[in-house]
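Remarks on the overall topology
One letter stands for each residue in the lines below.
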Amino acid sequence: MSYPENAPLEQWLAQAAPEEVLEPELPIIDPHHHLWDCRDADRDPRVRWEQKVYLCEEISRDIRDSGHNVAQTVFAQCGAFYRADGPEEMRCVGETEFVHGMAAMSRSGKYGDMRLCTGIFTSADLQLGKAVEPVLKAHIAASANFRGIRYPLPVEIDARFEDGYAILGKLGLSYDNYSPDYERLPRLAGLAKAHPDVTIIVNHLGGKIDPDAGPADIARWQECIDAIAICPNAVMKCGGAQQRVGPWEPPFHMHRRPQGALGSEELCELLFPYYRYVIEAFGVERCMFESNFPVDKESISYRTLWNLLKRIAARLGLSDSEKATMFSGTAARVYRLPPVA
């Protein structure tokens, strides 16, 4: 079904003619997308999202219509469907329960051949210290697809936070992290070095990506990328460059381009230097391409986005094995997913 609340975004995307699909047979694992219903949202960022409803049917349609060979996906924490009752610290488990249901719907085959949410990362309050362990175990019990959490890095990493973080290593869970402020990456690197048994997944090229940034800002972003890239237990998600950050919007956002979305060639020209830098810093084996849908959908369609990422891979001169790593292999290894054919 179509939701009228989604209509403005869909109408904007429809202004651009669909691109020819590049390398349609290349297997893809999309390691970062959200699912939600934020029609009753009353605070940021949910109230600002243009895609008000994004559930199993909506993402499955985006994947099918894209023409790309997306075999599996990973759900990314977004605060969806927390429990309305029970202990406060346990309410976040509702998100894992919800996503497990979405995975079951997808596994039925009713929505296509892709398998949604074969990996899941949601949230838990690491400031609980050692008391976070029952929360994490509840997530594990809620879904065999649960792989870890995303939680903000505090300004000061104290003993209580580190006690909670250490439980991730004890339970074999990963830590996704994102802040638009790339200045926090050196602090994240310190955490990575202190806890080498926890895999850190840095989201969205490490921070807000502004194609209009000046040389000084770009140089500082590069320094911060270098700080986390030297940690062997850190990997990078290459994507999220099309997203709005609070009130700031990239120049190709729908609110700034009423005439329609840019194509993948133009976006490649704008964004390639950022992708090249992180991929060279981390190495292909520690990078994975991502969609960050439906957040990035406010600037680009699912088809155009994966065309963009394939253009970046081609411009880098990646071999077939390197492309397989970035489009599916790293995600399968890091999130412990079934391999794709």
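As a further point, take the pattern of salt bridges. Pairs can form between side chains of opposite charge whenever their charged atoms are close. The tally for this structure, following the rule as stated, stands at 18 salt bridges. For the salt bridge of D37 with R39, the shortest nitrogen-to-oxygen distance reads 2.6 Å. Residue classification places R39 among the partly exposed positions, given a relative accessible area of 42%. The partner of D176 in a salt bridge is K237, with the nearest N and O atoms 3.0 Å apart. One end of the pair, D176, is in strand 7 (residues 174-177); the other, K237, is in strand 9 (residues 234-238), and 61 residues separate them in sequence. Judged by relative accessible area, which is 0%, D176 ranks as buried. When salt bridges that share partners are traced, they join E10, D62 and K297 into one network.

To continue, consider the environment of K110. Locating K110 in the fold gives a position in the loop between helix 3 (93-107) and strand 5 (115-122). A relative accessible area of 68% places K110 in the exposed class. C-alpha separation for the pair K110 and S60, spaced 50 residues apart in sequence, amounts to 9.8 Å.

A few words now on the packing of helix 8 (residues 264-282) against helix 9 (residues 302-316). It is the contact of helix 8 with helix 9, at a shortest axis distance of 9 Å, that shows an interaxial angle of 55°. It follows that helix 8 is oblique to helix 9 by the angle criterion. Here helix 8 runs over helix 9; the crossing is right-handed. On helix 9, the residues that touch S264, E265, L267, C268, E269, L271, F272, Y275, R276 and I279 of helix 8 are T304, N307, L308, L309, R311, I312, R315 and L316. Grouping the amino acids of the contact of helix 8 with helix 9 by side-chain chemistry returns 10 nonpolar, 3 polar and 5 charged.

Our focus in this paragraph is the pairing of strand 9. The element strand 9 is extensively covered by neighbouring structure, given that 5 of its 5 residues are classed as buried. Residues of strand 9 alternate between two faces, with A234, M236 and C238 on one and V235 and K237 on the opposite face, all of them buried. The parallel pair strand 8 (residues 200-202) and strand 9, bridged by helix 7 (residues 215-229), forms a crossover whose chirality is right-handed. In the sheet, strand 9 pairs with strand 10 (residues 287-289) via 3 bridges, with the strands oriented parallel. Directly across from K237, in strand 10, lies its bridge partner M288. Once the chain exits strand 9 it traverses helix 8 before rejoining the sheet at strand 10, and the crossover so formed is right-handed.

Two cysteines whose sulfur atoms are joined by a covalent bond form what is called a disulfide. Evaluated as defined, the whole model comprises 0 disulfides. Left unpaired, C56 is separated from the closest cysteine sulfur, that of C117, by 7.7 Å. Not part of a disulfide, C287 finds its nearest cysteine sulfur in C238, a span of 4.0 Å. Residue C287 is classed as buried on the basis of its relative accessible area of 0%.

So, about the packing of aromatic side chains. The final tally for this structure, using the stated rule, is 12 aromatic pairs. Between W36 and W49, the ring centres sit 3.8 Å apart and the planes meet at 0°, which makes this aromatic pair stacked. Of this pair, W36 sits in strand 2 (residues 36-37) while W49 sits in the loop between strand 2 and strand 3 (53-54), and the two are 13 residues apart along the sequence. The two residues W36 and W49 agree in class, both being buried. Put simply, the rings of F289, F293, Y302, W306 and F327 touch in pairs and so form one group of aromatic residues.

Thresholds, definitions, all that
- Residues numbered from 1 in each chain as written.
- Predicted model: local features only at pLDDT ≥ 70, side-chain atom pairs only at ≥ 80, totals over all residues.
- Heavy atoms only, no water.
- Salt bridge = Lys/Arg side-chain N within 4 Å of Asp/Glu carboxyl O.
- Buried < 20%, exposed > 50% of the residue type's maximum accessible area, 1.4 Å probe, protein only.
- Helix = DSSP H or I, 4+ residues; strand = E, 2+ residues; numbered from the N terminus.
- Axes fitted to C-alpha atoms, helices over the stretch in contact; angles between N-to-C directions.
- Parallel < 35°, antiparallel > 145°, perpendicular 65-115°, else oblique.
- Left-handed = near helix turned anticlockwise from the far one by under 90°.
- Contact = heavy atoms within 4.5 Å.
- Nonpolar A, V, L, I, M, F, W, Y, C, P; charged D, E, K, R; others polar.
- Right-handed = clockwise from strand over helix to strand, strands pointing away.
- Pairing = 2+ DSSP bridges.
- Disulfide = S-S within 2.5 Å.
- Phe/Tyr/Trp six-rings, centres within 6.5 Å; stacked < 30°, edge-to-face > 60°.

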